[in-house]
Amino acid sequence: MKLSHIRGAKTIIALAALLAASTASSALAADSDGIVVYNAQHENLTKEWTDAFTKATGIKVTVRQGSDMQFANQLVQEGDASPADVFLTENSPAMALVDNAGLFAAIDKDTLAQVPAEFRPANGQWIGIAARSTVFAYDKTKLSEDKLPKSMLDLADPAWKGRWAASPSGADFQAIVSALLELKGEEATAKWLKALKENATFYKGNSVAMKAVNAGEVEGAIIYHYYWFGDQAKTGENSKNVALHYFKHQDPGAFVSISGGGIIKSTQHMKDAQAFLKFVTGKEGQAILKNGTSYEYAVATGAESNAKLVPLKELDAPKVEPSKLNNKKVTEMMTAAGIL
């Protein structure tokens, strides 16, 4: 072999080694830059998670705060150009929207194994990080237990006209309607929405609806459980006249909404993003949930929720595949009913 050929081969090998080293260095730099989280979860809860994660791993986390569907639609618009590495929500429909757009990376099997199948979608593209229960918050000075609706569907009865409230413009209530649609079908849901329009008083926000119950403006409201527990843990001034009714019996009104976490497929920080979700759904992350002020349910296997909460196993919630919750269809139906 000619000397020039040998030198040329050595040069190619050297360049290849340099390129490989450069690529490895770039990948390491990408992971060391930290991650960006689009957060629609409670801001304080996520701050506790990110602070503890950074302390444990040294990985920096930048949090951008917003709402479920705001971020879900933004992620779909951004596509592969999104700066987000992780998406956290309060409800499942936003996760389903991003998942259906093919924007999530598969979650590591070790992380999926930390959360029971009932608290994550079957395809493993995202994972449950917390949960909240639907309840009927009622004025205990006006309603005795024997006068409470046995089913959420009973609120469609004309006898309840002007007596109950909801916050239909929020992602929370729309998730509940999504579950109703999945459980009972389009005809039953449309009928219930028509009655909602006729019977209920609308407020902006679950906490505002609960305050209205407390003030005697209405006798009850469909909300999530943690609003009551959070207020009780403070002064209780907005819930002193309010008690919670759990529908149970796998009623649509017993729906448990799963808060989700997913990794954006286009992330340049895959290792760090996977580590973050593993932390949130792991022992320390779920303990933060238990001991914090969000009063949401812990969902990991063996994880305990705040002792003040009615245990998840006692809620007798209906089984709903979270990936099938359809916010787009629900908002179309609510708009057609004159609610949105």
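To be clear, the structure that these remarks concern was listed above.
Keep in mind the model is a prediction, meaning the values are calculated, not measured.

1. Things to note about the nonpolar core
One recurring pattern in soluble globular proteins is that nonpolar side chains are buried together. In terms of nonpolar packing, the biggest core is built from 100 residues, with F87, F136, W164, W192, L196, I222 and F276 touching the most fellow members. Ignoring anything within four residues of it in the chain, the contact list for W192 reads M152, L153, A156, W164, F173, V177 and L180.

2. A look at the packing of aromatic side chains
Inspection of every chain in the model, using the stated rule, returns 12 aromatic pairs. On the basis of an interplanar angle of 20° and a centroid distance of 4.5 Å, the ring pair of Y38 and F71 is categorised as stacked. A residue pair is termed long-range when its members are at least 10 positions apart, and Y38 in strand β1 (residues 35-39) and F71 in helix α3 (residues 68-78) qualify at 33 residues. Y38 gets classed as buried once you look at its relative accessible area, which sits at 0%. Both rings, one in F229 and one in Y295, keep their centres 6.4 Å apart while their planes meet at 20°; by these two values the pair is stacked. Remark: Y295 occurs in the loop between α11 (283-291) and α12 (327-336) and F229 occurs in helix α9 (residues 226-233); sequence separation between them is 66 residues. For F229, a relative accessible area of 8% gives the class buried. A network of ring pairs unites the aromatic residues Y38, F71 and F87 as a single cluster.

3. Remarks on the pairing of strand β9 (residues 242-245)
Burial along β9 is two-sided: V242 and L244 and A243 and H245, pointing in opposite directions, are all buried. Examined bridge by bridge, strand β5 (residues 126-139) and β9 share 4 bridges and lie antiparallel to one another. Within the sheet, the bridge partner assigned to F136 lies in β9 and is H245.

4. Some remarks on the side chain of E296
Examined against the element boundaries, E296 turns out to sit in the loop between α11 and α12. You can call E296 buried: its relative accessible area is 0%. At 3.0 Å, the side chain of E296 and the side chain of Q41 are in polar contact. Looking at E296, its side chain comes within polar contact range of the side chain of R132, at 2.7 Å.

5. Focus on unusual backbone geometry
The phi angle at Y295 is positive, at roughly 55°, despite the residue not being glycine. Residue D316 is not a glycine yet carries a positive backbone phi of 50°. For D316, the position within the fold is in the loop between α11 and α12.

6. Quick look at the pattern of salt bridges
Pairing of side chains with opposite charge becomes possible as their charged atoms draw close. Here the structure, examined in full by the defined rule, presents 9 salt bridges. Among the salt bridges present, the one from K47 reaches D51, with a minimum N-O distance of 2.7 Å. Highlighted residues: K47 and D51, both in helix α2 (residues 43-57), separated by 4 residues, approximately one helical turn. The partner of D172 in a salt bridge is R132, with the nearest N and O atoms 3.6 Å apart. Of this pair, D172 sits in helix α6 (residues 171-184) while R132 sits in strand β5, and the two are 40 residues apart along the sequence. Given the relative accessible area of 7%, D172 is considered buried. What you see here is one network of salt bridges that share partners, running through E90, R132, D172 and E296.

7. Regarding the pairing of strand β8 (residues 220-224)
With respect to burial, β8 is a largely interior element, 5 of its 5 residues being buried. The alternating pattern of β8 places G220, I222 and Y224 on one face and A221 and I223 on the opposite face, and all of these are buried. One ladder, built from 5 bridges, connects β5 with β8; its direction is antiparallel. From the neighbouring strand, A137 faces β8, where its bridge partner is A221. Summarising the sheet, strand β6 (residues 164-166) and β8 pair through 2 bridges and their orientation is parallel. Looking across to β8, one finds that A165 is bridged to A221.

8. Thoughts on helix α8 (residues 206-214)
Among all positions of α8, only N206, A209, M210, A212, V213 and N214 are buried. In this structure, the buried residues of α8 make contact with β5, α6, β8, α9 and β9. At the exit of α8 stands G216, carrying a positive phi of roughly 85°.

9. Focus on the side chain of S239
In this structure, S239 sits in the loop between α9 and β9. Side-chain polar atoms of S239 contact the side chain of D231, separated by 2.6 Å. For S239, the residues in contact, after removing those within four places along its chain, are M210, N214, W228, D231 and Q232.

Basis of the calculations
- Every residue gets a number counted from 1 within its own chain, in the order that chain's sequence is written.
- Reporting in this predicted model follows two pLDDT cut-offs: at least 70 for local features of residues, and 80 or more for side-chain atom pairs to be given and counted; totals over whole chains, interfaces and linings ignore these cut-offs and use all residues.
- Side-chain measures were taken over the full set of non-hydrogen atoms in the model, leaving aside hydrogen atoms and water.
- Put simply, buried Ala, Val, Leu, Ile, Met, Phe, Trp, Tyr and Cys residues joined by side-chain atoms within 4.5 Å make one nonpolar core.
- A 1.4 Å probe rolled over the protein chains alone gives each residue an accessible area, and that area as a share of the maximum for its type sets the label: buried under 20%, exposed over 50%, partly exposed in between.
- Any two residues whose heavy atoms approach within 4.5 Å at even a single point are treated as in contact.
- Any two of the Phe, Tyr and Trp rings considered here, Trp counted by its six-membered ring, make a pair once their centres fall within 6.5 Å; the pair's planes then place it as stacked at under 30 degrees, edge-to-face at over 60, or tilted in between.
- Segments assigned H or I by DSSP are reported as helices when at least four residues long, segments assigned E as strands when at least two residues long, and all are numbered from the N terminus.
- Only when DSSP finds a minimum of two bridges between them are two strands counted as paired.
- Whenever a nitrogen or oxygen atom comes within 3.5 Å of another N or O atom, the pair is scored as a polar contact, on the condition that within protein one atom can donate a hydrogen and the other can accept it, and that pairs from neighbouring residues in sequence are kept only if both atoms are in side chains.
- When a carboxyl oxygen of Asp or Glu is within 4 Å of a side-chain nitrogen of Lys or Arg, the pair counts as a salt bridge.

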